[in-house]
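Coordinates in review
Listed below are the residues making up each chain.
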Amino acid sequence: QVQLVESGGGLVQSGGSLRLSCAASGIGISIYDMAWYRQAPGGQRELVAAITPLSSTNYADSVKGRFTISRDNAKNTVYLQMNSLKPEDTAVYYCNAGRPQYMYWGQGTQVTVSS
């Protein structure tokens, strides 16, 4: 059974930092594209950051320069370091693992940024 378990969310003031973790079990993430998505209340789920098996990265324009995605294949874990947080970053953040014919989602972790 595949599980992606996110952690590290919480309440932070504007300008603060959080580090999200996504621990995978049931799959080896080394062959997967890994990504973080987020969904704000009333909004659609959007891609925040992605990292390929060779560690090439891609970011939404809204988070470039503030967020960093990384992976530790030995720990089967993906991270999202979020700095200079803004109230508009408030959302549920989801971890995603994907490869051809396979896609898995975590249950999400809430990030709330107060102004």
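Presented here is an overview of the structure given in this document. The shown structure was predicted, so the numbers you read here are calculated from the model rather than taken from an experiment.

**Focus on the nonpolar core**
Among the nonpolar cores identified, the biggest contains 29 residues, and Trp36, Leu80, Met82 and Tyr93 are the most heavily contacted of them. Those elements that place two or more of their residues in this core are strand 3 (18-25), strand 4 (33-39), strand 5 (46-51), strand 7 (67-72), strand 8 (77-82), strand 9 (91-99) and strand 11 (109-114). In contact with Tyr93, not counting residues within four places along its chain, are Glu6, Leu20, Trp36, Tyr37, Arg38, Val48, Phe67, Leu80, Met82, Gly108, Thr109 and Val111.

**Describing the sheet that holds strand 3**
Taken together, four strands build an open sheet; the order of strands is 1-3-8-7 and the sheet is antiparallel. In the strand order of this sheet, the two ends are held by strand 1 (3-7) and strand 7, each with one partner. Pairs of neighbouring strands in the sheet enclose a mean axial angle of 15°, with direction left out of account. In terms of strand pairing, strand 3 meets strand 8 through six bridges, oriented antiparallel. Within the sheet, the bridge partner assigned to Ala23 lies in strand 8 and is Thr77.

**Some remarks on the pattern of salt bridges**
Within this structure, the stated rule accounts for four salt bridges. Of the charged contacts in the structure, one is a salt bridge between Glu46 and Arg38, with a shortest N-O distance of 2.7 Å. A relative accessible area of 37% places Glu46 in the partly exposed class. Of the charged contacts, one joins Asp89 and Arg38 as a salt bridge, the two residues approaching to 2.9 Å between their closest N and O atoms. Of this pair, Asp89 sits in the loop between strand 8 and strand 9 while Arg38 sits in strand 4, placing them 51 residues apart in sequence. Comparing Asp89 with Arg38 shows no difference in burial state: the two are buried. It is possible to trace a salt-bridge network through shared partners that takes in Arg38, Glu46, Arg66 and Asp89.

Conventions and cut-offs
- Residues numbered from 1 in each chain as written.
- Predicted model: local features only at pLDDT ≥ 70, side-chain atom pairs only at ≥ 80, totals over all residues.
- Heavy atoms only, no water.
- Core = buried A, V, L, I, M, F, W, Y, C linked by side-chain atoms within 4.5 Å.
- Buried < 20%, exposed > 50% of the residue type's maximum accessible area, 1.4 Å probe, protein only.
- Helix = DSSP H or I, 4+ residues; strand = E, 2+ residues; numbered from the N terminus.
- Contact = heavy atoms within 4.5 Å.
- Pairing = 2+ DSSP bridges.
- Axes fitted to C-alpha atoms, helices over the stretch in contact; angles between N-to-C directions.
- Salt bridge = Lys/Arg side-chain N within 4 Å of Asp/Glu carboxyl O.

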